[in-house]
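What the coordinates show
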Amino acid sequence: MALGVMAANSDVKRLLKKLDVIPSIIGKLSPEEDVLVHEFATLCLASLSVNFSCKVQISEQEGLAPLLQLLSSPDPDVQKNSLECIFHLVQDLQSRVAVRDLNGVPVLLELLRSEFPIIQQLALRTLAMVTMDRGAQVTFKEEQGFDRLLEVLRNREFCDLHGEALRVFSNCLEDGDSLQPIREAGGLQTLLRFVSTPARSDVQTQAARLVCRVAQSSENCRRLLHEQDIEKSLLDLLSVEGDGVGVAACLAIAAVGLNLASKDAFRNLGGMSTGPTRAHTHACTPKHTDLTLPSYVPGGVRVLVQLLDSEGGEVRPAAAQALFTLTQGSQLNADAVCEAEGVESLVRQLCDLFPGAAAHAAAVLTNMAEQEVLRGCILSHGAMAALLEPLRSADVHTLVRATQLVSVLACDAVGRADLRNAGGLAPLVKLLRSNHKDVRRNACWAISVCANDELNAIEMCNLGALDLLQEINCSVNRRSTFSETAHQRLLNSNLSLKYSLTNTLAFNDITADGFYDPGQARAGQRVLTLEDLSKQPVHQRRPVIAINAKPHDTVSVDQSEERQQDSPAETHITSVLSSKGASRTPRCVCVCVRLSSLSINRTSSLSLSSCSRGKSKGWNEDEKRMEEDEGKPRLDVTLATGRPWLPYDAAFHALVNEATKNILPLLEEREQYSALARLVSEAMGGPVAEDRQHDFPWELHLGELRQELQSNVVPIGRIHKGTYYHRALLYKVLADRIGVSCSLVRGEYDRAWNEVLVCVGMPQFPTCQPQPRTHLVDLIHQPGRLLRANTPQAIRYQTI
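A short tour of the structure in this document, coming up. Predicted model only: the values in this text are computed from it and were never measured. (Residues numbered from 1 in each chain as written. Predicted model: local features only at pLDDT ≥ 70, side-chain atom pairs only at ≥ 80, totals over all residues. Heavy atoms only, no water.)

Concerning the packing of helix H15 (residues 187-196) against helix H18 (residues 230-237)
Relative to each other, H15 and H18 sit at 35°, their axes nearing to 8 Å. Of the residues in H18, those touching H15 at Leu-192, Val-195 and Ser-196 are Ile-230, Ser-233, Leu-234 and Leu-237. (Axes fitted to C-alpha atoms, helices over the stretch in contact; angles between N-to-C directions. Helix = DSSP H or I, 4+ residues; strand = E, 2+ residues; numbered from the N terminus. Contact = heavy atoms within 4.5 Å.)

The structure is reproduced here in C-alpha cells:
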C-alpha cells in the first residue's frame, strides 16, 4: 500500500527503477492475491509505466496479460489502475498487437458500460490506440464494437466521452466497408449529428476527422456523405472558433471534395445571384469583356479563400489543401477562387514558411493556371518571383508542387521572362541534382518548357543544365523521357549552341537570322553568346561565322538638305523611323549619318502633322516643293538595330534572293540540290581540285576579313574563299531559306558536309515512290555532285 502511494513521487520512481522492483510487483498480480494487493500493485505499475524504460520492462516481464485479466476485477479501483497502466503500454506498436493477441478488445468494450466515467474514458482512450492496428479493427467489428460506440454517442449524458468515441469510430471506418451497415442501422445520422449540431470543440474536431477518414476510404462513402448534405455541415464548421475545428473541417472538405457532385455543392452553397452580373468581373478578366451572365455567389469557396489569410498557421495550408481538391478538374471552382480574390492570397502563401503552406498553395495555382486567363492573372501578381523560395526549399513535397507550377506558368512567354528576370532559372537547374525522382522529373519538364525562349536556354546552359542533363541521361537509373526531352529542347531552342555541342543540325533544324557558328565546343567549355564573342579583341583563332539577311531600316534624305541648320525634328524623325520596322524585340535606334539637317516643316514626306491637314495652302506648298525636289539626288540613311554585334549581310541577302529566283522554281529535288551547290561554290571561290587544296588561300582571306572588320565575327556573305565548313554552312542556311531539306554535319580537321535525301532506283510497288537514300553534296571538288553515303567517294570527302 505504501509503495503504491509513494510511486507517484519522481524521486521514489528513480529509486524503484534502481531496485528493480517491477518483477516483484508483477508477481503480486496473480489471482491468489488479495484485491487490496491488486489495487496498490496496479497503482504502482500505473505510476511507473509513464517511464519508457519501465514500460519496456513491464512488457518483457509479460505484465500485460495479468493486467488484462484484472480488467474483470469487481473492484473499480483495480480496473481503473490496470486500464491506466495498459493505456501507457499501448502507446507502443508491440503492446497494441499484444492486446489484440491476448483478446483484450472484448474486455475493453465491456468496460464501456461501466458506471464510472473515468473507467469509460480510459477504456475509450485505450481502444483508440489499440484500434490503430488493422487486426484489432477486425476484432472490434466482430465483437459488435460499433453498436457499443453508438450507445455512447446516443446518450447525451456521456457528452464528455463523445470525442474519444468518435476517434475510435474513425479508426475502425478506415476500410469504408462498414459504413453501409451503419447507415442502414441509422448510425450515420447519429455520427453526422455531431458535425451539424453545436457541441464542444473537441467533439466537433473529432467529428470532422471522422468525416475525413470516411471520405478518404472510397468513392461510395463520399457519395453517401454527399447524399446526407455533408457539405453544408462542414462549411458551418469553418465558422466555429478554434483552429483545431477549422483545420479538421478543411481536411474533411479536401476529402469529400474528391466527389464531383460535392465540388459543385461547395461552390453553389451561396446560391444564385439575384440578377445578371458582368461575366468575370474580377481583376483577371480583360476589361473589354461585356458579356453579362447569371453567376453563382461562391459561398463555400469564398470562405476557404478567406481562411488563406488566417492568423492560425495550421489553418492556411489546410484551407489551401481544400481548395486544391475543389479546383482539381473543375474550371468553375477555379473561376470562383479568382472571383473571391484568392489569387493574391495564394501567391502570398507561396512564401509562407509554415510546413505545407507553400506546397498546397502551389497546387491550387497549378490547377487554376490550366486556364489561360487565370494564368495571366497569376503571373500579374508576381507568382514567378514568389516561387523562388519554394524552389530553394528542403521539403520534397514543396519542391514537387513548385516545379509543377513553374511548368504550367512557363507556358506563357511572359511567365518565362518573369522567371528569368526573377533569377528563378538558377534554383531550377540546381534541382537537377536532386536525388528524389519526382523532383528531378518535374525540374526536367520545367526546364524543357522554359527552353522555348532562346535567352532562357542560353542562361540555363551557362548554369550547367546541359552538363547535368547529359550526366543524368548517362545513368541507367536516373535517365527518363523527361530528362531526354529537356536535353533535346535546350539544344533545339538554340541551334547555334546545338551545332557547337553536337556538331550536327538535322533536317528539321531550320536556321534563322541570328544563327552563328562559334566552332566546336570542347568538353566542359562554355559557349558564349554572339554579343560576348563580338566584344572580344581580334585574335588569330578561328572566326565566328554569323548569319543575318535582315536589312536595316533606311530612309531617303535630300542631299541638298544636309547643309541646313539643326532642327528639333531630329528626335521626332528618329522615333517615327524606329516604329517603321516593328519586331518582336525592342529596338534601340541610332542614326548612322547626320540627321540634323532634316526638318519636319520643310520635308513633307517625313511630316506627320502635314498629312493630317486638309487641302490648305500649306499642303499645296508642300506638294510644289516635292515636285521641285524630285530631280535632286537623295541619300540613304541607315538605322542600326539594337543588336550591333549582328551586322546586316547584304551579300548573303543577295544570295538568298538569287537562290529564291533561280533554284526554288526547279521541279526536281536533285536539280535543286545540285544547282544550290554550284551557287555556293561560286560564292565561296569556285571549285578546288583535291590535289590543289593547299594552294587555296582561305585562311589568309579570313584573316584579312577580321582585320578589315576589326571583329572576330564575320558575316558569311563576306567570305569569298571558303573551305568545307564555310560552304557546308552556307549551303545549309540557304537551303533553309528556300525550303530545301538538308542536314549539316561537322567532321574533323575543318571538314563539314551536307546530307540530303534522294529517291533512287525503281519503286518496289508501281504506286509507291522509290526509297530515299542519303547522299552527300559535293561543294568544293565537283560542285553539284551527289555522293551516296558510306561509299568510298563520300568517305574521302568527309576525311583528309
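Examining the sheet that holds strand S12 (residues 772-777)
If you walk across this open sheet you meet the 5 strands as S3-S10-S11-S12-S13, and the pairing is antiparallel. Bordering the open sheet on either side are strand S3 (504-505) and strand S13 (786-788), each of which pairs with just one other strand. In the packing of helix H44 (residues 724-738) onto the sheet, contacts are made with S3, strand S10 (743-746), strand S11 (752-759) and S12, and the angle to S11 comes to roughly 45°. (Pairing = 2+ DSSP bridges.)

Brief notes about the sheet that holds strand S4 (residues 516-517)
Strand pairing within a sheet occurs via backbone hydrogen bonds; the two strands may be parallel or antiparallel. Pairing in this open sheet of 3 strands is mixed, and the strands run S4-S5-S9 from one edge to the other. Either end of the sheet is taken by a strand with one partner, and the two such strands are S4 and strand S9 (713-715). Inspection of the sheet shows S4 paired to strand S5 (residues 544-546) by 2 bridges, in the antiparallel sense. By the bridge assignment, Tyr-516 is partnered in S5 with Ala-546.

Some words on the pairing of S12
Working note: regular strand, side chains alternate between the two faces of the sheet. Bridge count for S11 against S12 is 5 bridges, and the pairing is antiparallel. Pairing of Leu-757 across the sheet is with Thr-774, part of S12.

Digging into the packing of helix H22 (residues 315-327) against helix H25 (residues 357-368)
Running from amino to carboxyl end, H22 crosses H25 at an angle of 25°, the nearest separation of the two axes being 8 Å. Here H22 is positioned roughly parallel relative to H25, judged by the angle of their axes. The chirality of how H22 crosses H25 is left-handed. Where H22 abuts H25, its residues Pro-317, Ala-320, Gln-321, Leu-323, Phe-324 and Thr-327 lie against Ala-357, His-360, Ala-361, Ala-363, Val-364 and Asn-367. (Parallel < 35°, antiparallel > 145°, perpendicular 65-115°, else oblique. Left-handed = near helix turned anticlockwise from the far one by under 90°.)

Here's the deal with helix H41 (residues 650-662)
The first and last C-alpha atoms of H41 sit 18 Å apart over 13 residues, in line with the 18 Å expected at 1.5 Å per residue. Listed in full, the buried residues belonging to H41 are Phe-652, Leu-655, Val-656 and Ala-659. The buried residues of H41 occupy one face: seen down the axis, they fall within an arc of 100°. Those residues of H41 that are buried are in contact with helix H42 (669-683) and H44. The backbone nitrogen of Ala-651 has a side-chain oxygen 3.4 Å away, supplied by the residue at the start of H41, namely Asp-649. (Expected span 1.5 Å × (residues − 1). Buried < 20%, exposed > 50% of the residue type's maximum accessible area, 1.4 Å probe, protein only. Arc of directions from axis to C-beta. Polar contact = N/O pair within 3.5 Å; in protein donor to acceptor, adjacent residues only side chain to side chain.)

Here we look at the pattern of salt bridges
Evaluated as defined, the whole model comprises 29 salt bridges. Two residues, Glu-164 and Arg-167, come together in a salt bridge whose shortest N-O distance is 3.9 Å. A residue pair is termed a helical-turn pair when its members lie 3 or 4 positions apart in one helix, as Glu-164 and Arg-167 do in helix H13 (residues 162-172) at 3 residues. Take Glu-164: its relative accessible area is 19%, and that puts it in the buried class. Arg-200 is the partner of Asp-202 in a salt bridge, and the nearest nitrogen-oxygen pair spans 2.9 Å. Residue Arg-200 is classed as partly exposed on the basis of its relative accessible area, which comes to 40%. (Salt bridge = Lys/Arg side-chain N within 4 Å of Asp/Glu carboxyl O.)

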